[in-house]
Amino acid sequence: MHDHPTHCSNSPGQLHGYDCHAARCADTGHPRLDRGHTGAACNTRWSGHRPGENECRDCGLLIHPRADNADLLPLPDLHRLHAECEWGITRQRMALRGRETAAGAEAGQ
Ligand SMILES: [Zn+2]
Ligand SMILES: [Zn+2]
């Protein structure tokens, strides 16, 4: 049901493998398999979590799998993450639209 991208076998803290499905582009935040990212310049490190999961929790973008079962843990809502957030290149993470813009400006880019 949940089409999580398949991660390469690299350990947390290591760069993703070249063709890893869970690797994000450091420049755009999009999966590196989307379109031609040449070389390793925009490769990212595996955090130990699927791309977007931590941001979903930080932004409160969560889905409850079953409203009638409070024992089930809420899941990250990756669809809302991509709809409502944008990639922050300075922080290397997704943030709600508008917030990262201000943070990027203060970094003087
Ligand atoms: Zn990987
Ligand atoms: Zn790239």
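Residues numbered from 1 in each chain as written. Chains lettered and ligands numbered in written order. Predicted model: local features only at pLDDT ≥ 70, side-chain atom pairs only at ≥ 80, totals over all residues.

1. Quick look at the overall build of the protein
At step 1: For the protein, the helix and strand inventory stands at three helices and four strands.
At step 2: Counting from the amino terminus, helix and strand elements in the protein follow one another as α-β-β-α-β-β-α. (Helix = DSSP H or I, 4+ residues; strand = E, 2+ residues; numbered from the N terminus.)

2. Quick word on the pairing of strand S3 (residues 85–88)
At step 1: Of the strand pairs in this sheet, S3 and strand S4 (residues 93–96) are connected by four bridges, and their pairing is antiparallel. Within the sheet, the bridge partner assigned to Glu86 lies in S4 and is Ala95.
At step 2: Between S3 and S4, which pair antiparallel one after the other, the connecting turn spans four residues, and Gln92 there sits at a positive phi close to 60°. (Pairing = 2+ DSSP bridges.)

3. Thoughts on unusual backbone geometry
At step 1: Positive phi values are uncommon outside glycine, yet Gln92 reaches one of about 60°.
At step 2: In this fold, Gln92 is placed in the loop between S3 and S4.

4. Notes on the environment of Asn10
At step 1: Positionally, Asn10 belongs in the segment before helix H1 (53–59).
At step 2: Residues Asn10 and Trp46, spaced 36 residues apart in sequence, show a C-alpha to C-alpha distance of 7.4 Å.
At step 3: Contacts of Asn10, omitting those with residues within four sequence positions, involve Leu15, His16, Gly17 and Trp46. (Contact = placed C-beta atoms within 7 Å.)

5. Here's the deal with the confidence of the model for the protein
At step 1: Per-residue confidence for the protein gives a mean pLDDT of 85; residues scoring 70 or more make up 85%.
At step 2: Between residues 102–109, whose pLDDT stays under 50, and residues either more than four places distant or in other chains, the model counts seven contacts. (pLDDT = per-residue confidence, 0-100.)

6. Notes on the environment of Arg24
At step 1: When you line up the elements, Arg24 lands in the segment before H1.
At step 2: What makes Arg24 buried here is the crowd of 25 C-beta atoms within 10 Å.
At step 3: In the structure, Arg24 is positioned 19 residues away from Asn43 in sequence and 6.8 Å away in space, judged by C-alpha atoms.
At step 4: Each residue touching Arg24, except ones within four places of it in the same chain, is listed here: Gly29, His30, Pro31, Arg32, Thr44 and Pro51. (Buried ≥ 20, exposed ≤ 12 C-beta atoms within 10 Å, placed from the backbone.)

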